[in-house]
Amino acid sequence: MPARRPPAPPAAPPAVPATFAPVSDRLEARYLPGGPTPRTGRPGTLLAGLIRTILGQQNTRAAADRQDAALRENYPRWQAALLDGPDGIEATLKAAGGGLHRSKARHIHALLEALDDTGTLSLEALRDLPDPAARARLEALPGVGRHTASLILLFHLRRAAMPVEGNLDRLARRLDWVPGNWTAARVERWFDAVTPPTWEARAALHVAGVRHGREVCTARHPRCDTCVLADLCPSAALLGPA
């Protein structure tokens, strides 16, 4: 009988780039001088927060806020939205403006149906679950992937999740922190492995990194001449003004 091959040793955690800490410190000093704080003015319940997050996907903040306000005005209780069906939800979103109202309406209705099958249109039980269980519960819902679950965990449950969207992904590639051929999912896993596992560190890097990407490190015509990271960024000489 052939001998069993010993199990492979666990993969070593990725090395933290030498510029990771100074980049994080500079971004926080520039965009969050008082440190990160929990979001205010957002829906109070976890279900309302998840629906607002779904509305914000591939949508402007202003449009998502209008759609969110329209939903809350038309449906004081989520049971009413469930009974109105995806077509009624779509009409509400369309009247408020913004894109993808059909797909968002179907996602929201499917989410409400899935929760209704459990006996309650609520996600408040997540507050009592440990992080892995809360994430698993969220990702089991229709239309909720890892990124959306991470946003809910970080901003609505104040857990040390690390959501990574386009601005942070672009920043990591321009700083040569990750190879250019990595997928977005792999970049998110990398950030999760190298970012200090505290709510404060992850909230600060996410919020400051998103603001930096919107204001300075834009996809087209980045403003490298005004960037607080220019001396740390190998891409600044290539992308900045001649």
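Residues numbered from 1 in each chain as written. Predicted model: local features only at pLDDT ≥ 70, side-chain atom pairs only at ≥ 80, totals over all residues. Heavy atoms only, no water.

**Let's talk about unusual backbone geometry**
Trans is the common state for peptide bonds, and a negative phi is the common state for residues other than glycine. Worth spelling out the cut-off: Residue burial is assigned from relative accessible area. The probe radius is 1.4 Å, only protein chains are included, and a residue is buried under 20% of its type maximum, exposed over 50%, and partly exposed in between. The numbering of helices and of strands both runs from the N terminus, where a helix is a DSSP run of H or I of at least 4 residues and a strand a run of E of at least 2.
A positive phi angle, close to 55°, is found at arginine 158, a residue other than glycine. By relative accessible area, which is 42% here, arginine 158 ends up partly exposed. One non-glycine residue, aspartate 176, lies in the positive phi region at around 60°. You can see aspartate 176 is positioned in the loop between helix H8 (166–174) and helix H9 (184–194). Residue classification places aspartate 176 among the exposed residues on the basis of a relative accessible area of 55%.

**Quick look at the state of the cysteines**
To be explicit about the condition: Any pair of cysteine sulfurs within 2.5 Å is marked as a disulfide.
If you walk through the whole model with that rule in mind, you get zero disulfides. Lacking any disulfide linkage, cysteine 217 is separated from the closest cysteine sulfur, that of cysteine 227, by 6.4 Å. For cysteine 217, a relative accessible area of 10% puts it in the buried group. Here cysteine 227 falls in the buried class, since its relative accessible area comes to 19%.

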